[in-house]
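A structural walkthrough
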Amino acid sequence: MFKKRHLLSMREFSREEMDSVLETAASLEPFARGKRSDMLSGKILALLFFEPSTRTRMSFETAMKRLGGSTINLGSAEASSIAKGESLADTVRVVGGYADAIVIRHPKEGSARLAAEFSPVPVLNAGDGAGHHPTQTLLDLYTIKKERHLEGISIALVGDLKYGRTVHSLAYALSLYGAEITLISPPTLRMPDQIKSDLSSRGTIVREASDLGEVMGSIDVLYVTRIQKERFPDPVEYNKVAKSYRITPESLQQMNQGLIVMHPLPRVDEISPEVDMTSHAVYFKQSFYGVPVRMALLKMMLEDEGGQEQ
Ligand code: NCD
């Protein structure tokens, strides 16, 4: 299903494909927790991160290493030939000769797609500017499935819906699971029209609100995001919206008992630390689930048919 295939956005994912990743991830959880495996022994994953990352980069590394594979890392762009003016296309062509797959994160929208055009091996998009972040979505789906259920949930996506790539990808995926989606953002950070119209044409119920109070009591999942400071062309505009939302134990009091609060992390001050202690908080589990989910993707893409060749 995923052999030799690039993973660039959730738009081109079917529900059957998502389900098979989630099932494989569940079967790999013991390995994510330390059980030994050599499923990907001899395989090499290249990590090309042109933007900061903690979870995505380290969970890909962990996933690969726990399955017996290894990773090579571009390191900082300043330390590589990018600093000499090498193009992304050339870098990817070269690195694709060293590795069996490439994970790329880049500030420019469309860069993963560009990399895929030149890469001799599968490319996984780990975030392209304000575009997409499909592997985050798969771990988000895994979290929702484990902590609630996936079918027909009511979810509020809160925060920076304009520049936040995690919510772009997640909305596409949820539209295939009959979700009702409420979009809550400052007026200047609304979900792009193209995505909203794609969701509607998939038959998804999408509402917009500017305040959390409007959805109290009716939602199962609160998906909170960071305002993406680095994407604002003008810092003055960022300062106007910087502290728009803050989830506290008090603001959760009027919510459903079983409500789960998710966040792709890093958080700045959208969720107060006191929320961590409540039963609603699942964001640290969510970041752990990045390991079994990325293991599943790597296994499905890279494992040799009939086991490892000696
Ligand atoms: C997100 C990202 O990089 O898009 N982080 C992540 O991958 N977990 C969210 C963010 O940076 O706000």
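Residues numbered from 1 in each chain as written. Predicted model: local features only at pLDDT ≥ 70, side-chain atom pairs only at ≥ 80, totals over all residues. Heavy atoms only, no water.

A closer look at the overall build of the protein chain
Across its full length, the protein chain holds 10 helices and nine strands. Its C-alpha radius of gyration of 19 Å places the protein chain within 12% of the 19 Å reference for a compact globule of 310 residues. Referenced to the eigenvectors of the C-alpha coordinate spread, the extents of the protein chain come out at roughly 60 × 45 × 40 Å. Across the 310 residues that make up the protein chain, the buried fraction comes to 56%. In the protein chain, the proportion of contacts linking residues at least 24 apart, taken out of those at least 6 apart, comes to 74%. For the protein chain, the exposed surface amounts to about 13300 Å²; the carbon and sulfur share of it is 49%. Taking the average location of the 37 positive side-chain charges in the protein chain and that of its 39 negative ones, the two points are 3 Å from each other. (Helix = DSSP H or I, 4+ residues; strand = E, 2+ residues; numbered from the N terminus. Rg over C-alpha atoms; globule rule 2.2 N^0.38 Å. Buried < 20%, exposed > 50% of the residue type's maximum accessible area, 1.4 Å probe, protein only. Contact = heavy atoms within 4.5 Å. Areas by Shrake-Rupley, 256 points an atom, 1.4 Å probe, with all protein chains shown as cover. Lys, Arg positive; Asp, Glu negative; His and termini not counted. Charge placed at Lys NZ, Arg CZ, Asp CG, Glu CD.)

Observations concerning helix α2 (residues 55-66)
The α-helix winds at 3.6 residues per turn, so residues separated by three or four positions along the chain end up facing the same way. Taking 1.5 Å of rise per residue, 12 residues should cover 16 Å, and α2 covers 16 Å from first to last C-alpha, within 8% of that figure. Looking only at α2, the buried set comprises T56, S59, F60, E61, A63 and M64. Those residues of α2 that are buried lie in contact with β1 (44-49), β2 (70-73), β3 (101-106), β4 (123-128), α5 (134-147) and α10 (283-302). Just past α2, the residue G68 takes up positive phi, approximately 90 degrees. (Expected span 1.5 Å × (residues − 1).)

With respect to the sheet that holds β3
With parallel pairing, the four strands of this open sheet are ordered in space as β2-β1-β3-β4. Edge positions in the sheet fall to β2 and β4, since each has one partner strand and no second. Taken pair by pair, the neighbouring strands of this sheet meet at an average axis angle of 20 degrees, ignoring direction. Taken strand by strand, α2 contacts β1, β2, β3 and β4, and its axis lies near 175 degrees from that of β1. (Pairing = 2+ DSSP bridges. Axes fitted to C-alpha atoms, helices over the stretch in contact; angles between N-to-C directions.)

Describing the site of the ligand
With respect to spatial proximity, the complete set of residues near the ligand consists of T56, R105, H133, Q136, R165, T166, R226, Q228, P264, L265 and P266. For the ligand, an oxygen atom lies 2.8 Å from a polar atom in the side chain of H133. With the chains in place, 94% of the 320 Å² that the ligand exposes on its own is no longer accessible. Residue composition of the shell around the ligand, grouped by class: three nonpolar, five polar and three charged. (Near = heavy atom within 4 Å. Polar contact = N/O pair within 3.5 Å; in protein donor to acceptor, adjacent residues only side chain to side chain. Nonpolar A, V, L, I, M, F, W, Y, C, P; charged D, E, K, R; others polar.)

Re the packing of helix α1 (residues 15-32) against α10
Interaxial distance between α1 and α10 falls to 7 Å at its minimum, and their mutual angle equals 115 degrees. Taken together, the axes of α1 and α10 are roughly perpendicular relative to one another. Relative to α10, α1 is oriented so that their crossing is right-handed. Along its contact with α1, which presents S20, V21, T24, A25, L28, E29, F31 and A32, the element α10 presents F288, Y289, V291, P292, V293, M295, A296, L297, K299 and M300. Residue composition of the contact of α1 with α10, grouped by class: 14 nonpolar, two polar and two charged. (Parallel < 35°, antiparallel > 145°, perpendicular 65-115°, else oblique. Left-handed = near helix turned anticlockwise from the far one by under 90°.)

A word on the packing of aromatic side chains
The full count for this structure, using the stated rule, is six aromatic pairs. Summarising the aromatic geometry, the rings of Y283 and F284 are spaced 5.4 Å apart at their centres and angled 65 degrees between planes, so their arrangement reads as edge-to-face. Accessibility expressed as a relative area gives 0% for Y283, which makes it buried. What links up through ring pairs into an aromatic cluster is the set Y142, F288 and Y289. The ring of F13 has R5 lying over it, and the distance from NZ or CZ to the ring centre is 5.4 Å. (Phe/Tyr/Trp six-rings, centres within 6.5 Å; stacked < 30°, edge-to-face > 60°. Lys NZ or Arg CZ within 6 Å of the ring centre and 35° of its normal.)

Quick word on the nonpolar core
Counting residues in hydrophobic clusters, the biggest one holds 62 residues, and the most contacted among them are V21, L138, L141, I155, L157, L174 and I181. At 10 residues, α10 tops the list of elements feeding residues into this core. When residues of this core are assigned to domains, at least three fall in each of domain 1 (10-131 + 290-305) and domain 2 (134-287). Grouped together as the second largest cluster of nonpolar side chains are 20 residues, L252, L259, I271 and Y283 included. (Core = buried A, V, L, I, M, F, W, Y, C linked by side-chain atoms within 4.5 Å. Domains from an automatic or database assignment.)

A closer look at the environment of A179
Considering the arrangement of structural elements, one finds A179 in the loop between α6 (165-174) and β6 (180-184). A relative accessible area of 4% places A179 in the buried class. Between the alpha carbons of A179 and E230 there is a distance of 30 Å; along the sequence they are 51 residues apart. The residues contacting A179, other than those within four sequence positions of it, are G152, I153, L174, T204 and I205.

Overview of the domain arrangement of the protein chain
Domain annotation for the protein chain reports domain 1 (10-131 + 290-305) and domain 2 (134-287). In this assembly, 31 residues from domain 1 lie in contact with 29 residues from domain 2. Across the domain 1 to domain 2 interface the summed buried area is about 2500 Å²; carbon plus sulfur atoms make up 58%. Sorting the residues of domain 1 by area buried against domain 2 places M10, L22 and R55 first, and these three jointly supply 27% of that buried surface. Run the count over domain 1 and domain 2 and you get four salt bridges. The interface formed by domain 1 and domain 2 holds 15 residue pairs in polar contact (both at pLDDT 80 or more) in total. A per-class count over the side of domain 1 that touches domain 2 returns 15 nonpolar, seven polar and nine charged. (Buried area = accessible area lost by both parts, 1.4 Å probe. Salt bridge = Lys/Arg side-chain N within 4 Å of Asp/Glu carboxyl O.)

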